[in-house]
Amino acid sequence: MCFSCFSQIQPRYKRLVNDIFPALPQDGLIKSNMEKLMFYAVSSPEKLDRIGEYLYQRASRDISCKRESYVKIAMEAMDQLLAACHSQTLNLFVESFLRMVQKLLECSEPELQILATQSFVKFANIKEDTPSYHLCYNFFIEKFSSMCHNNSNNPSIREGICLAGIKGLQGVICKTVSDDLVENIWEPVHMDKIIPSLLYNMQNPRYKGEEEILMDNVDPKKLLNCNETEEKDPAALAESCFRELMGRASFGHVKSVIRPVLRHFDLHKLWTLKSFAIHCFRLIMFSIQSQYLYTVVESLLVHLDENTKLPSKVRTNVADVLSKIIAIAAGESIGPTVLEIINSLLTHLHTSITGQSSHRMNGGCDAIDEDEKNYQEALILALGEFSAHLPNYQKIEIMMFIMSKIVQSKTIKDFNNIDNRIQHICLKSLLMVCSKYSSIHMTATLPQSFLDPLLCCSHVTDPQIRLLVQQVLHTLFDCHGNGAKFSKPLLDYTYSGLIFEKCSRSDTIFMSKNGPEIYTSLCESLEHNNNTIDNVEAIYKTMALLCVKLTSEETIGDFFNAVMNIQDLALSNDSLPQVLKYQLHTIVICLLSLVGYVYALLPLREFVNTIIDTRKEAKALHLLPELCIHYEIVPEHALPTGVLVNQALLVECLNQAGIDITRLVATENGTVSGGGGAAAVSKHLSLTHCHSWVENLPISNLSDVSFHDFNSSSSSPCFERRFPAEDLTFEAMKRAFTESAEKDCKQEAVRRAQIFEQYKSLSFVDLMNLCSRNEEETIPYKLGKIFMKLNADGSVNTPVKVYYKQKDCYQPMLESLFPECFVY
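Residues numbered from 1 in each chain as written. Predicted model: local features only at pLDDT ≥ 70, side-chain atom pairs only at ≥ 80, totals over all residues. Heavy atoms only, no water.

In the Sequence similarities (unreviewed entry) part of its UniProt record, the protein is described as follows: "Belongs to the EFR3 family." (UniProt positions renumbered as here; feature names shortened; annotations may be inferred.)

Written out as structure tokens, the structure reads:
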């Protein structure tokens, strides 16, 4: 049978398919015949599956015969049919189409592989009316992933195949990620192939070598926009595909993507390329949905938990990556999530310190210790970056949470028993959080549950910990940026440019309640003989900030009292080094000079200038700034006369300035000797603060309280009223505040003893006479006087003679009308 006869007996769809192929392959697809084939396919959609199967058979024969041109024509025809036919029967044609794409991908020819990938991408962009749930994309995921790792020696071929592989993966993601009926692309078996392939191409040569480009200043919006060079740059295209994949991830799928990312970085030691790691995780953070951001942070923290034995440098780089991205997640972290992240960071710090201590005990090298310190610093930085983007109320919760991690007890003994390294690192973490906090009201910034343990930390024996406590107070007290101007003690603040405002009422109440306790803690912190210049300057800075920010007319007395107690400490504490005593005298005069400048107290400024001139004339320059570790010229004997602050003169200057310093108590003779000595120092008022009026009561328990003292019936006329022993005059009130309550206690004890003796010795008649009342104080008498002004009908001004019961007298009218009121 001739070929023409054979062609006539073929089915029509085969004839139409054969007609689209030219005699010479270089002529390309015959368009007119292709239009006939497309019309037939659209008119008879049930023939689509047969058309696709026949095209696949012809392409397979052409591939075997190495006729690549005819293979391209068949593939082009497939693409046009796929684009033109949209019906429910298209799924049957798709199966043949995907078999043909798979056949081309299995070829060794790069050109056919790229052609197949392009066709698959076109197919992926078509939205089908009915999902093809029976299709399987395992082969395509594996093949496209392998194409992404092409290692051809020809750069153009390698780049072309890599681009094709990335586009193929992008098509698979587009086709499967939003369709629940097809292959679940989020399974680990698929993610372990897709993610490493994309990361391999994202690792641009700019991330290799010593010169790394950090991505800290990259605009997040630019990371989400398509790059113009994506079609030609595998790295840019891989980033685009990676962003698309992360953007489609739901809550349960985010960790499915993060896990292979972490595994890829571990296996290929990519953490050493810190800039590339930061870039990748910033892409992740800017791509996924905002409510899932904290899961990335949790994944990194869990990764650190599971790899505690990694080298310190690797863990440090992981922590650096965490510090760069954690701020992005802070804005979306709410509720328990915040404390969970903080707790995890503190746990890693604690683990690092514990491991470092064990390493030291085993004789470890200093280089490892230095790496471990860098790791701790990176974790602290991450903690600060996370806190910086939280609202103030959450920062306060974090500060209190960190403080609770330092120690549970509030006793100094317990503080000293804890490892100093743990305290040190926790306080550094606390300082980092405080540096991100904006203080408004001290009552909210320093609640009692936070202030008490913080002040207790200032009493530990380690000077570095005490210094950190003062630095924490600096960040909380400094609201106007004055801290830098108080780094060193000064005598002249005229050109310092201080910024201060009037103390608010809430801050005044805070200082009235907690000021004495704070000042006491500062003075006790100065009692340690291992204080360095940094410690002394830090306490001076704290006092100066308190003076500028939180001192008012109501609390200025506590401040002056604290300053004088510092001078008292320098004179009376024999255990302090002489150099430290000189430093204390220096900060005393500097603080007084600051008060005179801040409150414009001319008498005080003149008084301070007099002392300064005296110290200069007496060659006591060691009592003036600046502070030194040691002084070459010091007096051999006691301090010269007049170089110290005379309390009586200070009070006089303050009175001239119109400031009432009632809490600054003078000595018995009212002066302080300029010669200096512990015996000559004034006994200042204790800074211990009473938190409640109940503490001042002389009553030790409820059994000592007389019921009669508080009985409201004492106001009734038939009972004796209790009056105070003296009038409520100003002098009496003053004595009540100044005199001791022991006198009242003794008088009360004597009175009680007398009453007890009377009831024990006197007879009943005598007791009756003793307790009898004047008739004019009884209820019947009072009622009689009232009823004398009333008529029988209740009208007023009718004189009615009313008598109380007497002999030879008629019964009064009102007594007969109201007999119950005259019962006696």
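(A) How the structure looks around the overall build of the protein. Helices and strands together make up the secondary structure of the protein, namely 36 helices and zero strands. By the burial criterion, 46% of the 824 residues in the protein qualify as buried. In the protein, 73% of the contacts between residues at least 6 apart in sequence involve partners at least 24 apart. Only carbon and sulfur atoms are counted for the fraction: they give 54% of the accessible area of the protein, which is about 42500 Å². (Helix = DSSP H or I, 4+ residues; strand = E, 2+ residues; numbered from the N terminus. Buried < 20%, exposed > 50% of the residue type's maximum accessible area, 1.4 Å probe, protein only. Contact = heavy atoms within 4.5 Å. Areas by Shrake-Rupley, 256 points an atom, 1.4 Å probe, with all protein chains shown as cover.)

(B) The packing of helix α26 (residues 533-550) against helix α28 (residues 578-598), seen in detail. For the pair α26 and α28, the least separation of the axes is 10 Å and the interaxial angle reads 20°. Comparing the axis directions of α26 and α28 gives the class roughly parallel. Regarding α26 and α28, the two cross each other, and that crossing is right-handed. Note on element contacts: α28 touches α26 through L580, Q583, I587, C590, L591, L594, V595 and V598, opposite I533, V536, Y540, M543, A544, C547 and V548. Its residues assigned to classes, the contact of α26 with α28 shows 14 nonpolar, one polar and no charged. (Axes fitted to C-alpha atoms, helices over the stretch in contact; angles between N-to-C directions. Parallel < 35°, antiparallel > 145°, perpendicular 65-115°, else oblique. Left-handed = near helix turned anticlockwise from the far one by under 90°. Nonpolar A, V, L, I, M, F, W, Y, C, P; charged D, E, K, R; others polar.)

(C) The environment of N18, seen in detail. Relative to the helices and strands, N18 is located in helix α2 (residues 12-19). N18 sits 19 residues away from L37 along the chain, and the two C-alpha atoms are 9.8 Å apart. Ignoring any residue separated from it by four or fewer positions in sequence, one finds N18 in contact with Q10, Y54 and R58.

(D) Spotlight on the pattern of salt bridges. The tally for this structure, following the rule as stated, stands at 13 salt bridges. K122 is paired through a salt bridge with D79; the nearest N and O atoms lie 3.8 Å apart. A residue pair is termed long-range when its members are at least 10 positions apart, and K122 in helix α7 (residues 110-124) and D79 in helix α5 (residues 68-84) qualify at 43 residues. The salt bridge involving E244 is made with R248; its shortest N-O contact spans 3.4 Å. The class of E244 is partly exposed, set by a relative accessible area of 23%. Of the residues examined, R248 reaches a relative accessible area of 35% and is grouped as partly exposed. (Salt bridge = Lys/Arg side-chain N within 4 Å of Asp/Glu carboxyl O.)

(E) How the structure looks around helix α30 (residues 647-656). For α30, the set of buried residues is Q647, L650, V651, C653 and L654. One side of α30 carries all its buried residues, which in axial view fall inside an arc of 160°. Taken together, the buried residues of α30 touch α27 (556-572) and α29 (602-617). Two residues or fewer past α30, G658 is found with a positive phi of approximately 85°. (Arc of directions from axis to C-beta.)

(F) Broad picture of the packing of aromatic side chains. Inspection of every chain in the model, using the stated rule, returns 18 aromatic pairs. Where F265 meets F281, the ring centres are 6.0 Å apart and the plane angle is 50°; that geometry is what we call tilted. Note that F265 is positioned in helix α13 (residues 251-267) and F281 in helix α14 (residues 274-287), a separation of 16 residues in sequence. In this structure, F265 and F281 share a single accessibility class: buried. Pairwise contacts between aromatic rings join F97, F120, F123, Y137, F139, F140 and F144 into one cluster. Its end group placed over the ring of F123, K175 keeps NZ or CZ at 4.4 Å from the ring centre. (Phe/Tyr/Trp six-rings, centres within 6.5 Å; stacked < 30°, edge-to-face > 60°. Lys NZ or Arg CZ within 6 Å of the ring centre and 35° of its normal.)

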